Structure formats: structure tokens, C-alpha cells
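As a plain string of letters, each chain reads:
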Amino acid sequence: MGSSIRRTDLLALSNLRNDGRKPDEIRRMRVQLGPVSNIGTDNSSETAGGSALVEMGLTCAMATVRGPIACIRRSDELPTQAIVDVIIKSVPFASSGGDRRITNPNSDRRFIEMSHLIKRSLEATLLLQLFPKSRIQVTIVILADDGGRLCCAINAASAALIDSGLPIKDILCACSAGINISSDTTLIDLNRQEESSSHGSKSGAVHLPCAMLPQRGTLVLSQCEARISNFQTLDRVLEAAMAGCRVVFDIIQAAVRERASALMQLRNGQGTVIDSFAVA
Amino acid sequence: MTTTTPSSSSLSIAHLVIPGQVIATSSSNNNKSDRFLRGHGTYVESSSNKGNEERLISSVCGIIHRVNKLITVIPYNESIYKGNVGDLVIGRISSVSSSRWTVIISNSSCMKDAQLPLSGVHLPGGVQRLRTKQDSLNMSTFLNIGDLICSEVHKVQQNDGGSLSLHTRSHKYTKLENGILVKVPSCLIARRKSHILSMINNKIDVLWGVNGNIWLQRANTTSSASASASDTIADLQEKMRLEHSTTPISLEIRCILARLRNSIECLRIVHTMCTPENTESVYCKSLQLETTMHTTQIANMLLPENIILLTNEFRS
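So, a few notes on the structure that sits alongside this text. (Residues numbered from 1 in each chain as written. Chains lettered and ligands numbered in written order. Predicted model: local features only at pLDDT ≥ 70, side-chain atom pairs only at ≥ 80, totals over all residues. Heavy atoms only, no water.)

1. Let's talk about the overall build of chain B
Inference 1: For chain B, the helix and strand inventory stands at six helices and 17 strands.
Inference 2: Buried residues in chain B amount to 48% of all 316 residues.
Inference 3: Of the contacts formed within chain B by residues at least 6 apart in sequence, a portion of 61% connects residues at least 24 apart.
Inference 4: Total accessible area on chain B stands at roughly 15,100 Å², and carbon and sulfur atoms take up 53% of it. (Helix = DSSP H or I, 4+ residues; strand = E, 2+ residues; numbered from the N terminus. Buried < 20%, exposed > 50% of the residue type's maximum accessible area, 1.4 Å probe, protein only. Contact = heavy atoms within 4.5 Å. Areas by Shrake-Rupley, 256 points an atom, 1.4 Å probe, with all protein chains shown as cover.)

Okay, structure coming up:
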């Protein structure tokens, strides 16, 4: 009876995951650059230098970037470089599944931790020394959460930075990876079910979000709270996550190139009007 | 030849680069003449593992612009206005502090606010003297919070994250009243010789602020009846400004202003350069269409189908 399939198994017999993906396949990812107008009326605060909406499967995050602007407090200013402020929020209806607690994002520890992690990753990406005594403000809103919200938030922030035209070292890409203990295969871009499933392991599901600068090959973030039995396993999971980051990079790159060439053609008087512009 | 620039071999094609893409490499142990110069939008990184190779890497997404050895990348979406000395900018006073005003010049609050020092404005009456304590107490009577001004960039403070200091020490630069402000992305405004132009048979004065703010107002008529021989130029200017701001605008001029404003708005929505020529051609086309088709009234100009119709000629 060893081959009986339970619904909680992460990999079915056909070696496909619950949502029909292969183990090394990321969810459908969509990147929309500039959903927020960068022209505001005088009294509206709904403007941003750059913005991006990133969907990874059912997880969705929107990021807006403002900056370089003046620091709120004089004492926050650094004489040699800019500071990065990351504000992360979640809409009340974001969470999928049973977890529908009403949390205050200002005091929720998971959000505070996330904003710290994103801040550190962005600091590693931005060329901050070009803007001394100023502040770059990144606001991220989680619109839907189906697992992997940290990665989705980082990807959204990264795309918004590109859209704002702030100088960065490389496109920051993030992807998570985990491991299916029972068949010992690595999975990438985990959804909520895979994140929370602890089937077959005593110490909870392995979930390792990782962010890297793919063109330089630098790892800027990796976080793992689960217990992993040996170094080889960790290496494999990390390797899988990095492979996922490279796939994410290709998607962001394609979106950025498409947007840039469309906008530049329009400005030079070629090309056709993109739908989003025709909305008056 | 140690510098390899694979991306700029043909000058006619604009090369799009993404952040992190390597634009050029050179080995720095050779003679210095072969090396590139790092421009805006790029950074240099020397990789230690392959000898003394230096790599020039793009830091923004945009097209490569090359002048001899200087390689710059121009971002596709210059939402952030980077000041240049001498630019005409239009901004709003956001606060009055001792001896200087703070001016918001960015459309999307994406840069630090500019400073206009008390020493950078003409005192009323045009007298030239040191600013006294009394002047700094009277600052809010010259320019108050919420006033719109046009001014020139005096200095770009590089050690302060590129914050700007402005001046209005010319009769061209004044408080703006009785007109329309249009906001566009700063990348749609081209630098030109003169940024203050008369348009539509000299009926309208248009100020093309390089920061993306455009000001439309009725042309200043020079026939001020109240001018007396004893008036200085400064007095005349002041009188003209007051006259301009207090005289109501006629319906005809109002229509022209509204149509011109919608013409610029059309160009912004399709992300085409907002030059005076383009604006005027959209303006003329909308007039033509109104007489022939009776569909494009001023208010209807911004309907999507009309925008496409009006800006057709800018797309090939």
C-alpha cells in the first residue's frame, strides 16, 4: 500500500504538483510596469516616480517608488548615501485560505521582518552613494497572498525601481524553493499549500526564499527557518531557488524591454498607442 | 584596441540596455587612451579574476548614447527631473522659512524640494541692496505658500543629493496668476533656446518649464495706459503683472486656453513630445475637426477615440 496517494502529498504519481506544475516550474508570472500615474494633481498623494504590479500565480503585490526625497528627520540623513524606507502593507482581503486574522501591519512582526529583509536587499541593489542626504521610499501593498509574498514583494519593488529610473546595480530577482521530503525532490516557487505543508517532515516544510542579482551572480537574501538535515540538501534547495530567480529575471527583463521600447517609440513618434494610455 | 563596445557598433539603431547589462569591457593595464569614460546611467566595476579587466555596466534601463569615449545611458522613463543650471522651472511655494522659500518643482514628489533664497529674488521696486531683517520678515508678502512661480535653476548642489537652488532675478521670472497649469512628465519637454513662447497668433503666452510643468496665460499686452514717464522698468513690470492678474479673461481667450490645454493633455496621454510645434498642430487639427465634424468640442477632445484621431500624425 505504499503507493496510495493522499491529497496532502506535494507530488502526485505523475510527478506533478497540486496545481499542475512540474517541480522546477514557477507559477505564471505577470509584470506590469507603471500602473500608477507619475503625474499628480496638486493635492493628491497618489503619485509615484515608478510603480509596478507583479503577479506570481495567485500572489499579487504592487510597489511604488518615490525618491530621492528629503528625509523626514534631519538626524536620519547620511552624509555619504541615501537611506531606503520600505513600507509594506497588506489589504484585508489579501490572505487566502483559513488565515483571515485581522492584523495591524504596523505592529505585525512578520511584516516588520519582511520590510527589514526587503530594505536590506534593496540597499544591496541601489547605487545609494549617488544621492547623499536623501531618502528613497518604497511602498509595497500585498493585494493577494497565496504563498511566496516575500518574493513577490521583492520582485515588485525591483520592477518599480527600474520603472522609476533610479540607478541600480542589477535587476533584483527573488524566488523561493522547498523540498518534498517523501520523494526528495526540490520544488521552486512554492504556493501557500506547499509552504505550510509539513507532511513527511518532523520540523515543518522547508521554505527558502532567496533573492539574487542574476547578471552578477550575487546572492543578496536567503532565509530558511526549517531544519535541514545536511549541507547537501541546503545546497540543492539553494541551487533550485537560484535557478528560479533566473527564470524570474527573464520574465522581468522581457517586461521591462517591452515597456521601454514601447514608450520610446511613442515619444519618437512611432509605434501604436498602448491600451493603457488611451484611457483618458 | 582593447575597448570592445559590442552594443554601439551601428549608430543608427538605438540600443536598449537593462540595468546590470555589461556595455563595454577594457583592460586597464594598457594605455589609457583606449578606455571608455563613465557617463550617467552607468557604473564601472573591475573584476579581479580576469586580470585587470574593467567593465562598464548599465545602471538604468534605457538607450546607449555615445560621444567618442563617453558612454551614457538615457533612461526610458525620466520621471525624475534632474536639474541643469539655466533651466526654466515652474514650481509652487511650499513653505516660507527665514531667508528662503521652499519650492515644489517635481510633479510626483520624486525629488527634493528646491530652495529659492531671499537674495535670489528682485525686491519690489527693483532696488539693489543687501537684504535686511525687515525684508525677511516681509517674505510672505512677496511670495506666499501656494503661489506658483517660474524661475531659473541657479545651482545644482551635488553634495546634497542634487537639490536645486533657484533664482528669479529677471523680469521674465515672476509669480504666475490667471492662467492654466498643465503637468506632463519631464521627459516629454525638450530643451530649446527659448522656453517662453507666444502661440496662437500671439494671443497666448506659454511657459514650457523643463521640469514638466507648462503654464498657459493670456499674452501680456504692453499697452498699459497707466504707465507714466517717471516709472522705472521694475514699476512697469509690477503694474503689468497686477493688470494681468486682475483683468478677467474674455470668453474667446478662455476657449483658446482650454483647447490648448487639452492639446497638451492629448500629447501627454499618448506619450509624445510636448513641443510647441506638436501642440499647435494638435490645436489646429482639433479646430478643423470641430468645423467639419462637429464632434470634437473642447470638452470632447480627451475622449479616447478623439485623442487617437488628433494625434494620428505623430505615429507612423
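Next comes the rest of the write-up.
2. A closer look at the side chain of A:Gln223
Residue and element names in this part refer to chain A.
Inference 1: Along the chain, Gln223 falls in the loop between strand 9 (218-222) and helix 4 (231-267).
Inference 2: By relative accessible area, Gln223 is classed as buried at 18%.
Inference 3: A distance of 2.8 Å separates the side chain of Gln223 from the side chain of Glu113, its partner in a polar contact. (Polar contact = N/O pair within 3.5 Å; in protein donor to acceptor, adjacent residues only side chain to side chain.)

3. A short note on the interface of chain B and chain A
Inference 1: Across the boundary between the two partners, chain B contributes 46 residues, which contact 51 residues of chain A.
Inference 2: Of the roughly 4,100 Å² buried where chain B meets chain A, counting both sides, 56% is carbon and sulfur surface.
Inference 3: It is B:Ile18, B:Tyr76 and B:His271 in chain B that bury the most area against chain A; as a group they hold 16% of the surface buried on that side.
Inference 4: Linking chain B with chain A are one salt bridge.
Inference 5: Notably, a salt bridge pairs A:Arg216 with B:Glu45, separated by 2.7 Å at the nearest N-O pair.
Inference 6: Counting across the interface, chain B meets chain A through nine residue pairs in polar contact (both at pLDDT 80 or more).
Inference 7: Along the lines of polarity and charge, the residues of the side of chain B that touches chain A split into 24 nonpolar, 15 polar and seven charged. (Buried area = accessible area lost by both parts, 1.4 Å probe. Salt bridge = Lys/Arg side-chain N within 4 Å of Asp/Glu carboxyl O. Nonpolar A, V, L, I, M, F, W, Y, C, P; charged D, E, K, R; others polar.)

4. Digging into the state of the cysteines
Residues and elements named next belong to chain A.
Inference 1: Under the definition given, this model contains zero disulfides over all chains.
Inference 2: For Cys173, which is in no disulfide, the shortest distance to another cysteine sulfur is to Cys245 and amounts to 6.5 Å.
Inference 3: The class of Cys173 is buried, set by a relative accessible area of 0%.
Inference 4: The thiol sulfur of Cys245 is not disulfide-bonded, and the nearest other cysteine sulfur, from Cys210, lies at 3.9 Å. (Disulfide = S-S within 2.5 Å.)

5. Some details on the sheet that holds strand 16 (residues 204-208) of chain B
Residue and element names in this part refer to chain B.
Inference 1: Across the sheet, which stays open at both edges, the four strands sit in the order 14-17-16-15 with antiparallel pairing between neighbours. What marks the edges here is a single partner per strand, and that holds for strand 14 (179-183) and strand 15 (196-199). For this sheet, the mean inter-axis angle between neighbouring strands, taken without regard to orientation, is 20°.
Inference 2: On the sheet, helix 5 (residues 276-293) packs against strand 15 and strand 16 and is oriented at approximately 20° with respect to strand 15. (Pairing = 2+ DSSP bridges. Axes fitted to C-alpha atoms, helices over the stretch in contact; angles between N-to-C directions.)

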